[in-house]
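This is what each chain is made of:
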Amino acid sequence: MKVVNLRQAILQAWKERWTDYQWAINMKKLFPKGPTWDLLGLSDHLLEQALVGPSPNPLIMSYLKYAISSQMVSYASVMSTIAKFEDYSRELCVKALLELMDMFCDRLSCHGKAEECISLCRALLSTLAWLLRCAAHCTERLKEGPDSASGEEQLQLCINRIEKTVNRRKNRALLHIARLEEQVTWTNMEQALIRLTENHTKISNQQLRLRLEECIGLVKSIPVITTQCEQNTKMEFPTVHALIMLEGTLNLTSDTQSLVEQLIMVKRMQRIPSPLFLLEIWKACFVGLIESPEGTEELKWTAFTFLKIPQALLKLKKYPLGDKDFTEDVNTAFEFLLKLTPLLDKADQRCNCDCVSLLLQECGKLGLLSEGNMKNLVNKRTADRELAPRLKSAENASIQPNPGLILRAEPTVTNILKTMDADHSKSPEGLLGVLGHMLSGKSLDLLLAAAAATGKLKSFARKFVKLNEFAKHISGEGSKAASVRALLFDISFLMLCHVAQTYGSDVILSEPSASGEVVFFETWMQTCMPEEGKILNPEQGFRADPTKVESLVAHLNSSTEMKLVQVKWHEVCSCTPAAILEVLNAWEHGLLTFEAVQKITDNIKGKICSMAICAVAWLVAHVRMLGLEEREKPLQMICQLVTPLYAENTLQFYNERVVIMSLILEQMCADVLQQTATSIKFPSANLDPIPYRNLLPVKKPIKEELLKETRKEHCYKAVELLHSVFCLDMQQITLGLLGHILPGLLTNSLKWQMLMDPPGRALAKLSVWCALSAHSSHNKSQATAKQRKRHREDIEDYINLFPLDDSQPSKLLRLLSSNEEDPNILSSPGDRSMSSSLSASQLHNINMRDPLNRVLANLFLLISSIMSSKMAGPQTQFVQWFMEECVECLDQGSRGSILQFMPFTMVSELVKLPALSKPKTVLAITDLGLPLGRRVAAKAIAAL
């Protein structure tokens with residue numbers, strides 16, 4: 001009845017010619033209970049009456065304008081009504097509707113409920129689709145010719161309103177929300193846009209055509225409104241540099257994909273242009289080449305630079321990094337690199353070759369550079385090198401350059417892997433020949449570095465484990481077959497020890513087999529091999545059969561040569577520690593002379609070096625358990641065992657095997673010799689100092705690294721360097737930073753002065769970078785067994801520290817919350833209202849037993865309570881910087897973002913801060929994939 005009465009009231013007003021003011025007064029008299037005019041469809045009825053004839057009724061149109069001005073009707077209802085008008089041939093009516101839009105299209109707002117704000121988004125999208133259809137209709141009329149003047153005039157009116165609508169960022173943000181909310185309407189709008197795009201080329205008026213093109217471009221940009229960000233204007237990026245340096249020094253064997261993901265995250269967070277990003281990678285590689293210590297470390301760096309980094313770039317190529325083609329970015333990066341002549345000259349001098357040309361050829365092979373660009377760059381560098389200072393000595397000329405050797409070693413690794421896949425029992429002598437070549441000179445380290453840089457080291461190590469296992473088995477054999485088998489066992493054992501010491505034991509360990517089969521070398525390595533930070537129990541070596549130990553001691557003490565036929569070398573190695581203890585006890589009790597002990601140690605190291613390694617490994621563990629005065633004789637035994645025995649009856653490749661044995665023993669003994677201040681002359685002195693150990697920063701708390709800086713540029717450089725160093729253990733450091741340091745600073749008013757600009761802003765930046773890096777890697781990577789074990793401990797620690805379950809509110813929230821009386825702060829997810837601390841992570845059912853998730857959720861609860869408290873200060877400013885950095889670094893509203901832990905109620909608080917009261921900010925911080933997220937965003941943007 002109310003609707004019928006409303007229609008009659010409009011007709012009566014028209015008949016009696018009420019003014020708009022009279023009409024409004026009478027309407028309120030006729031409907032005294034104050035109905036919601038939108039529910040009655042007031043704008044629908046007014047326009048229906050106004051647009052009955054070929055031209056609009058001016059009186060009824062004046063009523064609608066008054067209703068809009070006095071907010072009797074909402075903008076959403078008026079726009080929805082306009083969008084229903086489809087008769088574009090009635091030009092005067094269309095013109096009236098376009099003029100009506102002038103009243104609000106560039107100043108839309110809504111301060112009602114979230115549902116009303118979503119309605120505004122939907123209505124705006126419908127109206128935009130209507131405007132585009134109207135413009136398309138005009139362009140089609142222009143093609144017909146005769147009435148082009150009036151068509152052009154109407155098109156101009158349409159373009160004016162499209163410009164007013166989509167020029168405003170606020171409107172584009174509302175349209176962005178509507179796109180996600182109303183897929184069907186968005187598709188209709190896109191169809192109208194396609195139709196308009198096809199027709200706009202027919203417009204003869206160039207100015208009009210250009211304006212329309214701009215409008216079309218703005219409409220097309222709506223889906224990417226939140227991903228547009230300014231590029232960085234700096235030229236140097238310490239984070240990238242430090243990340244590459246750490247990776248090249250410590251993680252040559254790590255998966256290339258994880259390096260690529262870390263680099264992409266840094267590039268995105270710091271908004272680094274692609275050519276400068278690639279340049280920084282190359283710069284770090286060349287610095288690493290120049291600074292790496294001679295020997296194994298230099299080979300590792302060479303493999304990292306010439307093999308691993310090009311492979312990483314090949315993976316980077318698959319990611320959308322910028323507007324340009326990736327090969328163009330690589331070319332530009334090399335153009336920049338060629339200008340750094342002193343750096344390149346020094347690298348060439350160190351490596352004794354043209355490093356850039358070799359690198360360019362490698363990139364060309366992988367399709368990272370076009371052939372033309374590659375030749376051009378090679379020619380430029382060749383011309384530059386003519387002027388470079390050289391070391392023109394005979395000694396330098398004879399040195400084979402490592403980059404060339406590494407590049408040749410890479411295909412050799414593949415060939416060796418194929419050779420080792422063959423059946424060892426068919427041609428053990430042939431395989432022995434291949435292994436013998438690997439042992440000569442620096443071949444082994446070259447091959448291992450190439451395998452490590454190309455992700456083949458694990459496979460390489462598994463092949464040697466398999467070979468070592470093969471050498472355990474015996475069938476009827478003669479003396480020649482027995483010596484070949486002994487050598488295969490010894491060489492594989494030595495190589496595996498060397499790999500474990502150079503690249504870490506994780507490379508060798510395999511997953512436990514389903515059959516429960518015990519692999520000798522893996523068992524020995526885990527229980528007996530000394531490593532940095534590993535505590536060994538000397539008694540682990542006494543699981544051998546006592547009769548076999550006795551037999552071994554007798555054999556070692558006899559003057560006869562050790563037999564090879566039918567010997568089970570793994571059993572000999574297992575018995576060696578117990579045999580050494582017998583000998584040591586006998587010597588200490590005066591039952592053996594020094595000469596007798598020397599004869600025994602000569603027997604141990606005379607045939608296979610593995611025995612000497614097993615003996616020294618046990619002695620090192622034993623010495624650690626002894627008092628200073630008891631260490632003399634065991635140390636003398638170590639000294640005897642590490643000195644090679646150069647006799648005529650030694651087995652093949654003895655000299656080559658001794659070199660590797662000496663390297664292994666030197667590293668095994670390093671800690672014990674340092675503790676006891678004993679010096680042993682190792683025959684092949686290893687020139688490599690333990691790499692970079694003393695070059696990492698000293699242990700200082702973050703407030704002395706960062707929070708005492710007063711210069712902005714120093715603070716930001718500290719942030720970039722700290723973030724890259726934190727990559728060594730990003731998970732644990734982030735838990736400490738976000739779970740302890742930040743809450744400590746934010747909840748203690750005495751420490752707030754430490755959060756002032758610039759250190760406070762720098763800390764906010766560092767916190768966001770760490771949170772993003774940890775959360776991203778946490779989601780993507782599979783933790784190693786060691787990390788998994790640590791992870792369980794963390795879960796227990798952090799559940800105790802940060803209770804965030806459905807029954808107990810967070811301790812941090814209690815510290816600062818201004819609404820403690822609200823019992824629903826952390827009630828069960830089912831009955832939470834909009835006023836509670838509900839976040840997107842809870843709607844996505846994120847696991848809150850996970851330590852990192854708990855810490856992030858608690859941090860955002862703390863930030864939320866700071867925002868809603870009555871006190872402003874440095875802590876509020878810190879929150880603003882933290883959120884600004886989140887917005888700058890994040891992809892919009894993705895499920896993996898750290899902002900999913902932010903309570904929805906925070907959005908309305910954040911937009912009260914001038915720096916964050918932007919449509920783009922609101923879109924970035926809310927999860928638009930969720931209906932609730934879209935409503936929160938619409939409400940916040942509509943009120944701006």
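Residues numbered from 1 in each chain as written. Predicted model: local features only at pLDDT ≥ 70, side-chain atom pairs only at ≥ 80, totals over all residues. Heavy atoms only, no water.

**Student:** Explain the overall build of the chain to me, please; I cannot follow it from the model alone.
**Tutor:** What the chain contains, in helices and strands, is 45 helices and 0 strands. A separation of at least 24 residues holds for 78% of the contacts in the chain among residues at least 6 apart in sequence. (Helix = DSSP H or I, 4+ residues; strand = E, 2+ residues; numbered from the N terminus. Contact = heavy atoms within 4.5 Å.)

**Student:** Just checking my understanding: could you explain the nonpolar core for this structure?
**Tutor:** Side chains of nonpolar character tend, in soluble globular proteins, to be buried together. Counting residues in hydrophobic clusters, the biggest one holds 319 residues, and the most contacted among them are Trp-23, Leu-42, Trp-524 and Met-883. For this core, the leading source of residues is helix α8 (residues 114-144), giving 17 residues. Aside from chain neighbours lying at most four places away, what touches Leu-42 is Leu-6, Ile-10, Trp-23, Met-27, Trp-37, Ala-67, Met-72 and Val-73. (Core = buried A, V, L, I, M, F, W, Y, C linked by side-chain atoms within 4.5 Å. Buried < 20%, exposed > 50% of the residue type's maximum accessible area, 1.4 Å probe, protein only.)

**Student:** Explain helix α12 (residues 206-220) to me, please; I cannot follow it from the model alone.
**Tutor:** Since there are 3.6 residues in each turn of an α-helix, residues three or four apart along the chain are aligned in direction. For α12, spanning 15 residues, the distance from its first C-alpha to its last is 21 Å, which sits close to the expected 21 Å at 1.5 Å a residue. For α12, the full list of buried residues reads Leu-208, Arg-211, Leu-212, Cys-215, Ile-216 and Val-219. Seen end-on, α12 carries its buried residues on one side only, within an arc spanning 140 degrees. More than 90 degrees from the buried face of α12, the exposed residues found are Gln-206, Gln-207, Glu-214 and Lys-220. Sitting at the amino-terminal end of α12 is Asn-205, which places a side-chain oxygen 3.1 Å from the backbone nitrogen of Gln-207. (Expected span 1.5 Å × (residues − 1). Arc of directions from axis to C-beta. Polar contact = N/O pair within 3.5 Å; in protein donor to acceptor, adjacent residues only side chain to side chain.)

**Student:** What's the story with the pattern of salt bridges in this structure? I'm lost.
**Tutor:** Where charged atoms of side chains with opposite charge meet at close range, the side chains can pair. Taken as a whole and assessed by the stated rule, the structure comprises 35 salt bridges. Across the pair Lys-84 and Asp-44 runs a salt bridge whose closest N-O atoms are separated by 3.1 Å. Here the residue Lys-84 occupies a position in the loop between α6 (75-83) and α7 (91-101), and Asp-44 occupies one in helix α4 (residues 42-50), the gap between them amounting to 40 residues. Overall, the relative accessible area of 54% leaves Lys-84 in the exposed class. Classification of Asp-44 as partly exposed rests on a relative accessible area of 28%. The partner of Glu-410 in a salt bridge is Lys-456, and the shortest N-O contact between them spans 3.2 Å. You can see Glu-410 sitting in helix α22 (residues 402-421) and its partner Lys-456 sitting in the loop between α24 (443-453) and α25 (457-470), a full 46 residues away along the chain. Taking relative accessible area as the criterion, Lys-456 reaches 22% and is therefore assigned partly exposed. Members of the salt-bridge network, linked through shared partners, are Glu-115, Arg-122, Glu-181, Glu-182, Arg-934 and Arg-935. (Salt bridge = Lys/Arg side-chain N within 4 Å of Asp/Glu carboxyl O.)

**Student:** In this structure, what is going on with the packing of aromatic side chains? I would like to understand it.
**Tutor:** Note on aromatic pairs: each is described by the distance of the centres and the angle between the planes. Per the counting criterion, the structure on display carries 15 aromatic pairs. Taking the centre distance of 6.1 Å and the plane angle of 45 degrees together, the rings of Tyr-88 and Trp-130 count as tilted. In this pair, Tyr-88 is assigned in the loop between α6 and α7 and Trp-130 in helix α8, connecting sequence segments 42 residues apart. Judged by relative accessible area, which is 0%, Trp-130 ranks as buried. With centroids separated by 6.1 Å and ring planes inclined at 50 degrees, the aromatic side chains of Trp-587 and Phe-594 adopt a geometry described as tilted. Linked through ring pairs, Phe-489, Phe-493, Phe-520, Phe-521 and Trp-524 together constitute an aromatic cluster. If you follow Lys-300 out to its NZ or CZ, it ends over the ring of Tyr-503, 4.8 Å from the centre. Sitting over the face of the ring of Tyr-716, Lys-765 holds its NZ or CZ atom 5.2 Å from the ring centroid. (Phe/Tyr/Trp six-rings, centres within 6.5 Å; stacked < 30°, edge-to-face > 60°. Lys NZ or Arg CZ within 6 Å of the ring centre and 35° of its normal.)

**Student:** Explain helix α28 (residues 546-557) to me, please; I cannot follow it from the model alone.
**Tutor:** Between its first and last C-alpha, α28 extends 16 Å over 12 residues, near the 16 Å set by a 1.5 Å rise per residue. The elements touched by buried residues of α28 are α29 (569-588), α30 (594-606) and α31 (609-624).

**Student:** So what exactly am I meant to see when it comes to the state of the cysteines here?
**Tutor:** Each disulfide consists of a covalent bond between the sulfur atoms of two cysteine residues. Within the structure shown, the criterion is met by 0 disulfides. Unpaired in terms of disulfides, Cys-351 finds its nearest cysteine sulfur in Cys-355, a separation of 3.9 Å. For Cys-351, a relative accessible area of 4% puts it in the buried group. (Disulfide = S-S within 2.5 Å.)

**Student:** Where do I start with the packing of helix α17 (residues 326-338) against helix α20 (residues 371-385) in this structure?
**Tutor:** In a packed pair of helices, the relevant descriptors are the angle between the two axes and the axis-to-axis distance. The geometry of α17 relative to α20 is characterised by a closest axis approach of 11 Å and an angle of 5 degrees between their N-to-C directions. The pairing of α17 with α20 is recorded here as roughly parallel in orientation. Residues Glu-328, Asn-331, Phe-334, Glu-335 and Leu-338 of α17 form the contact with α20, whose own contacting residues are Asn-373, Asn-376, Leu-377, Lys-380, Arg-381 and Asp-384. Here the residues of the contact of α17 with α20 sort into 3 nonpolar, 3 polar and 5 charged. (Axes fitted to C-alpha atoms, helices over the stretch in contact; angles between N-to-C directions. Parallel < 35°, antiparallel > 145°, perpendicular 65-115°, else oblique. Nonpolar A, V, L, I, M, F, W, Y, C, P; charged D, E, K, R; others polar.)

**Student:** Help me understand the packing of α28 against α29, please; the structure alone is not making it clear to me.
**Tutor:** Relative orientation of the contacting elements α28 and α29 amounts to 70 degrees, with a least axis distance of 9 Å. Between α28 and α29, the angle falls in the class roughly perpendicular. Counted together, Lys-548, Val-549, Leu-552 and Val-553 of α28 and Glu-571, Val-572, Cys-575, Thr-576, Ala-578, Ala-579 and Glu-582 of α29 form the full contact between these two elements. When the residues that make up the contact of α28 with α29 are grouped by side-chain class, the tally is 7 nonpolar, 1 polar and 3 charged.

**Student:** What am I meant to see in the confidence of the model for the chain here?
**Tutor:** Any region with low pLDDT has predicted coordinates that should not be read closely. For the chain, mean pLDDT is 81; residues scoring 70 or higher make up 85% of the total. Averaged pLDDT values for the elements of the chain fall to 40 in helix α39 (residues 811-816) and rise to 93 in helix α15 (residues 274-291). pLDDT under 50 marks residues 781-795. Its contacts with residues more than four places away, or in other chains, come to 11 contacts. (pLDDT = per-residue confidence, 0-100.)

**Student:** Teacher, can you tell me more about unusual backbone geometry here?
**Tutor:** Note: most residues except glycine have negative phi, and most peptide bonds are trans. The omega torsion of the bond from Asp-757 to Pro-758 falls at 10 degrees, within 30 degrees of zero and hence cis. Considering the arrangement of structural elements, one finds Pro-758 in the loop between α36 (730-746) and α37 (759-780). With a phi angle near 50 degrees, Arg-271 is a residue other than glycine that sits in the positive phi range. Secondary-structure assignment places Arg-271 in the loop between α14 (256-270) and α15. Residue classification places Arg-271 among the buried positions, given a relative accessible area of 17%. The backbone of Gln-566 shows a phi angle near 65 degrees, a positive value even though the residue is not glycine. Summarising the element assignment, Gln-566 is placed in the loop between α28 and α29. Classification of Gln-566 by relative accessible area gives partly exposed; the value is 45%.

**Student:** Where do I start with the environment of Ala-578 in this structure?
**Tutor:** Mapped onto the secondary structure, Ala-578 falls in helix α29. Residue classification places Ala-578 among the buried positions, given a relative accessible area of 12%. Residues Ala-578 and Asp-545, 33 residues apart in the sequence, show an inter-C-alpha distance of 9.7 Å.

**Student:** Please explain the environment of Gln-22 as it appears in this structure.
**Tutor:** Along the chain, Gln-22 falls in helix α2 (residues 20-30). Overall, the relative accessible area of 38% leaves Gln-22 in the partly exposed class.

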